[in-house]
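Here is how the chains run, residue by residue.
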Amino acid sequence: MVVDQSASEQDCYEACFWDNIGHRKLDASSRAQCLRRLMELFPRLDVIQRFLPFLGVPSQGPKIERLLRIGALCEEALSNLALGRIHERTAFAMSFRPKHEQQFLMRLINESGLNLNNASQVIEDLIDIATAREMEIENIIAEFDTKDISNPEVGRVYDGKELKKAVKRIKDPEFETTREGHEAWVKSLNLPRLVKITPANSFEDKSINMMVTFKSRDELELGLKEIKEIIPT
Amino acid sequence: MKFPIDKILIDSDAYDYDLTSRILKEYPAAQVMVGDEALLELRNMELACDPFRTGKRTLRLIIGKGALVKDCPGTNNYICCGLKILHFGQGCPMDCHYCALQVYFNRPAIELFVNQGDIVRELERRLESQPDRFHRFCTGEFADSLALDPVTGFASELVQVFNAHPNASLELKTKSDNIDDLIGLNPTGNIVISFSMNSYHIAATHEIRAAGLKNRLLAAKKAVDAGYHVGFHFDPIIPIDDWKVGYKRTIDQIYNTVDPEKIPWLSMGVLRFVPQLKEIAMTRFGPRDLFHLPYHRGLDGKFRIFSEKRIEIYKEIIDRIKFHDPKARVYFCMESSYIWEKAMGMKMDSDQGLSDYLDSAFIH
């Protein structure tokens, strides 16, 4: 593409936009940065009417504002979002935290080896704790006993699994105690492999579901007969 | 208090109604747009970065079509009181941070149905077709019953209708103190003016443009003096910032202000919300502590606080209410039978059971 020296920044960006948008599929991070830049260069209504349909962003609802916030995240967060290491929802939640905390969270995630869902969960939980208790995220992590969230055997600074557990315990200790108690109880039952026991959603009541997979109708009928003997109704 | 309105958008077929003329007189300085111009303006509002902000000062006058008397939609797997709703419009000039309307609506303006006569006719038809049973009604499925009453006069009209129908009760639920127009209507005892209550901290920090708690209580006293019953709804209860002290103080003030005999019911519901609300509210207001408590998905997919914690919260509040009035008829809005039993010690297994429990306030 040849650009006239006298072309304005606005014209140049628009030319680049049309040159790229037809054959590139933008990831969430690039889309957010592109939208942010467009909003800086053009009037809002102009961006909504001319560019949004090509970015695949709806003109109504909170999506525009969400992407604008995401577009202003620290580089590490934008890069992790582009690589699919954090969800867009998580990136948005991070946008309300200061830059140094965003960078800290990205280091934490990279050093703990958590997958996409778990990494996003840990970040969101930490942001919830920090916001509700008006704390700095680094101070929450500093409260952990290092040996509880690190494991030299996994070869990383943090043991992701333990980190996730520790954060959940801080966020909602009563719920975690109940969940851990339930898991320990299920374990103590020594269930056959094809039997699964689950509590009500989030322990909303005391009901328990048991799912049994049978290999055949005959086996199911046999099992049903025994269940009917125990629970006649 | 009359809420400020800057713009009035009128559908072409809603222009010739009496209510439209009355509203235009009430807001002589408002910018008025009719028909296509109004629709275009609405479309432009929807494209703004926070459509609700301008929407809270914009009235859209339309003709209500479809069912104008509805059942409360309730929520799956939780017990609902089975209230019937007189649907007079949707949207609210107040702007509470936790308001669910932010998720449910994509149209930002406050919509009012100008064909109020049709609502009254549908209501009367229903009451007259089932004269042998008791009916509990409220107004506003997605609206405050009294916020716009100084300009619509709808509540006063309804009071007169219900005065003639002792087989039904009307509940007007509000966070405003707009009850002056209801004074002097000689209510027959089946009208309940209900106030949404909270701790002072929540009301002051999260209920934007709502009447202050003191003013709500003064309005409740005025309502009782004028012959009405009053109800109180602690919904949403939000357990932050020394909540025990906060809710206790509010309960004490209710009973210092109003005779318990005049309170047919009080309800409670700990904050629950669809997951999208957190993001929408964060976009509009920035991070707010109330959305960052430990929530878990409930049986209906909404975020709720852990059930055992809710039980603790409810017990605390019920204890204080019962301290003042051991006979108080307290109920939960959208809770499970498990919570009913654990927090209240009552077996409540069905919507009908709760409906009967509330009807008993009027059927002796």
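In this text the structure is predicted, and so the values were computed from the model without any measurement.

Asker: Give me the overall build of chain A: which residues, what numbers.
Answerer: Each helix and strand in chain A was counted, giving 13 helices and two strands. The C-alpha extent of chain A, read off along each of the three principal axes, is 85 × 45 × 30 Å. Long-range pairs, those at least 24 residues apart, make up 52% of the contacts in chain A with a sequence separation of at least 6. Summed over all atoms, the accessible surface of chain A reaches about 13800 Å², with 51% contributed by carbon and sulfur. Chain A carries 33 positive and 38 negative side-chain charges, and their two centres are separated by 4 Å.

Asker: Would you mind going over the packing of helix H2 (residues 28-41) of chain A against helix H3 (residues 44-55) of chain A in detail, with residue names and values included?
Answerer: The packing of two helices is summarised by the inter-axis angle and the distance between the axes. All names here are of chain A. Running from N to C, H2 and H3 point in directions that differ by 155°, and their axes come no closer than 10 Å. By the angle between their axes, H2 is roughly antiparallel relative to H3. Both H2 and H3 take part in a crossing whose hand is right-handed. Here H2 contributes Arg31, Cys34, Leu35, Leu38 and Met39 to the contact with H3, which in turn contributes Arg44, Val47, Phe51, Leu52 and Leu55. Along the lines of polarity and charge, the residues of the contact of H2 with H3 split into eight nonpolar, no polar and two charged.

Asker: Run through the confidence of the model for chain B, naming residues and quoting values.
Answerer: For chain B, the average pLDDT comes to 95, and 100% of its residues sit at 70 or higher. This complex was scored by the predictor with a pTM of 0.92 and an ipTM of 0.91.

Asker: With reference to specific residues and values, describe the sheet that holds strand E2 (residues 31-34) of chain B.
Answerer: Residue and element names in this part refer to chain B. Spatial strand order, E2-E1-E3-E8-E6: five strands in an open sheet with mixed pairing. Among the strands making up the open sheet, the edge pair consists of E2 and strand E6 (89-90). As paired strands, strand E1 (residues 7-10) and E2 are joined by four bridges and run parallel to one another. From the neighbouring strand, Ile10 faces E2, where its bridge partner is Val34. Along the sheet, helix H1 (residues 18-26) makes contact with E1, E2, strand E3 (58-62) and strand E8 (110-113), crossing E1 at roughly 165°. Strand contacts of helix H2 (residues 36-46): E1, E2 and E3, with the helix running at about 125° to E1, the strand carrying the most contacts.

Asker: Run through the sheet that holds strand E14 (residues 266-270) of chain B, naming residues and quoting values.
Answerer: Residues and elements named next belong to chain B. Sheet architecture is open: eight strands sit in the order E4-E5-E9-E10-E11-E13-E14-E17, paired in mixed fashion. Single-partner strands in this sheet number two, and they are strand E4 (69-71) and strand E17 (330-332). The sheet shows a mean angle of 30° between the axes of neighbouring strands, direction not considered. In this structure, E14 lies alongside E17, joined through three bridges in parallel fashion. In the sheet register, Leu266 faces E17, and the bridge partner there is Val330. With respect to the sheet, helix H12 (residues 307-324) is in contact with strand E13 (229-237), E14 and E17, its orientation differing from that of E14 by roughly 160°.

Asker: Before we move on, can you summarise the interface of chain A and chain B with the specific residues and values?
Answerer: Counting residues at the interface gives 27 residues for chain A and 33 residues for chain B. For the pairing of chain A and chain B, the buried interface totals around 2700 Å² over both sides, and the portion due to carbon and sulfur atoms is 58%. Of all residues in chain A, Gln60, Phe96 and Glu204 of chain A bury the most surface against chain B, accounting for 23% of the area lost on that side. In this structure, the connection of chain A to chain B is made through four salt bridges. Put simply, Glu204 of chain A and Arg310 of chain B hold a salt bridge, and the shortest N to O gap is 2.8 Å. Put simply, the parts of the chain that give the side of chain A that touches chain B at least two residues each are H3, helix H4 (63-70), helix H6 (88-94), helix H8 (116-133) and helix H12 (173-188) of chain A. With four residues, H8 of chain A is the largest single contributor of residues to the side of chain A that touches chain B. Its residues placed into classes, the side of chain A that touches chain B shows ten nonpolar, six polar and eleven charged.

Asker: I'd love a proper account of the nonpolar core, names of residues and values included.
Answerer: Of all hydrophobic cores here, the largest spans 125 residues; its most connected members are Leu59 and Phe232 of chain B. The residues touching Leu59 of chain B, leaving out its near neighbours within four places in the chain, are Ile5, Lys7, Ile8, Leu9, Ile23, Tyr27, Ile110, Leu112 and Leu148 of chain B.

Asker: Would you mind going over unusual backbone geometry in detail, with residue names and values included?
Answerer: At the junction of Asp235 of chain B and Pro236 of chain B, the peptide bond is cis and its omega measures out at 10° in the coordinates. Along the chain, the position of Pro236 of chain B falls in strand E13. Phi is positive for Glu134 of chain A, which is not a glycine, with a value near 50°. Mapped onto the elements of the fold, Glu134 of chain A is located in the loop between H8 and helix H9 (137-143). Assessed through its relative accessible area of 73%, Glu134 of chain A is described here as exposed. A positive phi angle is found at Asn190 of chain A, which is not glycine, with a value near 50°. Its place among the elements puts Asn190 of chain A in the loop between H12 and strand E1 (195-199).

Thresholds applied
- Residues numbered from 1 in each chain as written.
- Chains lettered and ligands numbered in written order.
- Predicted model: local features only at pLDDT ≥ 70, side-chain atom pairs only at ≥ 80, totals over all residues.
- Heavy atoms only, no water.
- Helix = DSSP H or I, 4+ residues; strand = E, 2+ residues; numbered from the N terminus.
- Contact = heavy atoms within 4.5 Å.
- Areas by Shrake-Rupley, 256 points an atom, 1.4 Å probe, with all protein chains shown as cover.
- Lys, Arg positive; Asp, Glu negative; His and termini not counted.
- Charge placed at Lys NZ, Arg CZ, Asp CG, Glu CD.
- Axes fitted to C-alpha atoms, helices over the stretch in contact; angles between N-to-C directions.
- Parallel < 35°, antiparallel > 145°, perpendicular 65-115°, else oblique.
- Left-handed = near helix turned anticlockwise from the far one by under 90°.
- Nonpolar A, V, L, I, M, F, W, Y, C, P; charged D, E, K, R; others polar.
- pLDDT = per-residue confidence, 0-100.
- Pairing = 2+ DSSP bridges.
- Buried area = accessible area lost by both parts, 1.4 Å probe.
- Salt bridge = Lys/Arg side-chain N within 4 Å of Asp/Glu carboxyl O.
- Core = buried A, V, L, I, M, F, W, Y, C linked by side-chain atoms within 4.5 Å.
- Buried < 20%, exposed > 50% of the residue type's maximum accessible area, 1.4 Å probe, protein only.

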